[in-house]
Amino acid sequence: MLAVHFGAGNIGRGFIGEILHDAGYDISFVDINAEMVDLLNSKKKYKIVFADQGKNEQFITGISAINSKVEPDKVIESIVRADLVTTAVGPDILVNISDLLAKSLKRRSEITDKPLNIIACENMIGGSTFLKEKVYEKLSDEEKTLFNRLYAFPDAAVDRIVPSQINDDRLMVEVEPYYEWVVDQSAIKGELPAISGIKFVPELAPYIVRKLFTVNTGHAAIAYFGYMKGFARIDEAIKDKEVYHAVSGALKETGRVIVSKYDFDWDSHQDYINKILLRFKNPYIIDSVTRVGRSPLRKLGKNDRLLGPALSYYQLFGKVPENLSKIIAAVLLFDAEDDQEARALKHLIRNQGVEKALSETVELEEQHPIIQKSIEYYKLHLKEKEITIRDSSKRL
Ligand SMILES: NC(=O)c1ccc[n+]([C@@H]2O[C@H](COP(=O)([O-])OP(=O)(O)OC[C@H]3O[C@@H](n4cnc5c(N)ncnc54)[C@H](O)[C@@H]3O)[C@@H](O)[C@H]2O)c1
Ligand SMILES: O=P(O)(O)OC[C@@H](O)[C@@H](O)[C@H](O)[C@H](O)CO
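These figures come from a predicted structure and were not determined experimentally.

## Looking at the packing of helix H7 (residues 205-228) against helix H14 (residues 322-331)
Where H7 contacts H14, the axes come no closer than 9 Å and their chain directions differ by 55 degrees. Classified by the angle their axes make, H7 and H14 are oblique. Crossing hand, H7 versus H14: left-handed. Of H14, the residues touching H7 (which contributes Thr217, Ala220, Ala221, Tyr224, Phe225 and Met228) are Leu324, Lys326, Ile327, Ala330 and Val331.

Spelled out as structure tokens, the structure:
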């Protein structure tokens, strides 16, 4: 069996690769990183290390890689033969792979009638559906009908913390042992893939919303609050009382939304939160606040981990969520130099003023109570930051 996987990065190698390998698939990774592609092709295997006391290792074999910039025809040829296609490239990159995917699927339909599932494993609600929309923009009506018969884009939720890797062995990936990969079974075409690491469910929404609005909201809270307070690492930032308070407060707010909207009871959801807080504290995972806070404009999206639950909270309970607003305010102070979106956000705030910058980014009017509350906290954060800088310069 062959799986074609777009994105040989942290999650691609450190999670999807492991699960597909264990299910007996050969994996053809597609990436634009020439060094990664060459290394995968020359070594033909890579190592996963599980970040806990045992530091167990596993080798992933049966792999090859294609540079889609250099050899797009090879990607097409692989997708023609594939039994499964997956992606982990980042939500904003899905559009970039949609053209080659559309060409590959068109070519495949000329050769075989075998159905194919394409699963986007990205941190977003409706990732595969979004990829399908981008692919379908390239099709005639006739091709759309054909694709509807042959291909499916089941949505998915993926959960495993894989930090940025700084290893001498460039292929090795250190990952937390925990994982969860949930896929919408109702959308699968053909036989259900025999992959024991995937949990197939009749309805995905509760799972992706619970994951994004708990794991990723909590993570974002630590990253932005931690960055604001001068921490570099997630496990260190969460030890700070104020950061912990912001995270646990935010997860209470998102928890109220999740329990109200879906069939989870409060106690079992609290257990889920507690397990996640323990994962954030894992001392064997060295994860930076800048990786977790990366792409702040994406994270301020209306359906993403901060505004998504904040808007639902406001609609459901008629109140502004204080903790989520505090975190939204902290995002506005995230000015990591290497992050293109952080630079763009800073530029926007400088040119337009913070109210307008936030209201345009999140597509809500400036008078919206969530915007107003977040700006109030932004001003408070700014004051506290100034005090910290003044105090630390006194110490120097
Ligand atoms: N790292 C985690 O802890 C984690 C956990 C769950 C989900 N995710 C999600 O997985 C996705 C990937 O995250 P990551 O941490 O692995 O990022 P990453 O940057 O490590 O990996 C992304 C890979 O995609 C490649 N890429 C970029 N453009 C491409 C293109 N046009 N075609 C093919 N490949 C391309 C990059 O070269 C890189 O190797 C994101 O949506 C992220 O939210 C990450
Ligand atoms: O990948 P992002 O940028 O959407 O979010 C950063 C982290 O929160 C994320 O990668 C988590 O580590 C992951 O989602 C855990 O499952």
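## Quick notes on the packing of aromatic side chains
By the definition in use, this model includes nine aromatic pairs. Through successive ring pairs, a cluster of aromatic residues spans Tyr136, Phe147, Tyr151 and Phe153. Above the ring of tyrosine 272, the side-chain terminus of arginine 210 is found at 4.1 Å from the ring centroid. Looking at arginine 256, its charged tip hangs above the ring of phenylalanine 317, at a distance of 3.9 Å from the centre.

## Description of the sheet that holds strand S12 (residues 199-201)
The sheet built from three strands is open, its strands ordered S9-S11-S12 with mixed pairing. Strands with a single pairing partner mark the edges of an open sheet, and in this sheet they are strand S9 (156-159) and S12. Taking the axes of each pair of neighbouring strands and ignoring which way they run, one obtains an average angle of 15 degrees across the sheet. Two elements, strand S11 (residues 180-184) and S12, share three bridges in a ladder whose sense is parallel.

## Observations concerning the UniProt feature "binding site: NAD(+)" (unreviewed entry) in the protein chain
In this structure's numbering, the residues bearing the UniProt feature "binding site: NAD(+)" (unreviewed entry) are Ala3, Val4, His5, Phe6, Gly7, Ala8, Gly9, Asn10, Ile11, Gly12, Arg13 and Gly14. As for its placement among the helices and strands, alanine 3 is situated in strand S1 (residues 2-6). Setting aside chain neighbours within four positions, we find alanine 3 in contact with Leu20, Tyr25, Asp26, Ile27, Ser28 and Leu84. One can find glycine 12 in helix H1 (residues 10-22). Sequence-distant contacts of glycine 12, defined by excluding residues within four places in its chain, comprise His5, Gly7, Gly17, Phe29, Tyr46 and Ala88.

Reading the values: rules and limits
Residues numbered from 1 in each chain as written. Chains lettered and ligands numbered in written order. Predicted model: local features only at pLDDT ≥ 70, side-chain atom pairs only at ≥ 80, totals over all residues. Heavy atoms only, no water. Axes fitted to C-alpha atoms, helices over the stretch in contact; angles between N-to-C directions. Helix = DSSP H or I, 4+ residues; strand = E, 2+ residues; numbered from the N terminus. Parallel < 35°, antiparallel > 145°, perpendicular 65-115°, else oblique. Left-handed = near helix turned anticlockwise from the far one by under 90°. Contact = heavy atoms within 4.5 Å. Phe/Tyr/Trp six-rings, centres within 6.5 Å; stacked < 30°, edge-to-face > 60°. Lys NZ or Arg CZ within 6 Å of the ring centre and 35° of its normal. Pairing = 2+ DSSP bridges. UniProt positions renumbered as here; feature names shortened; annotations may be inferred.

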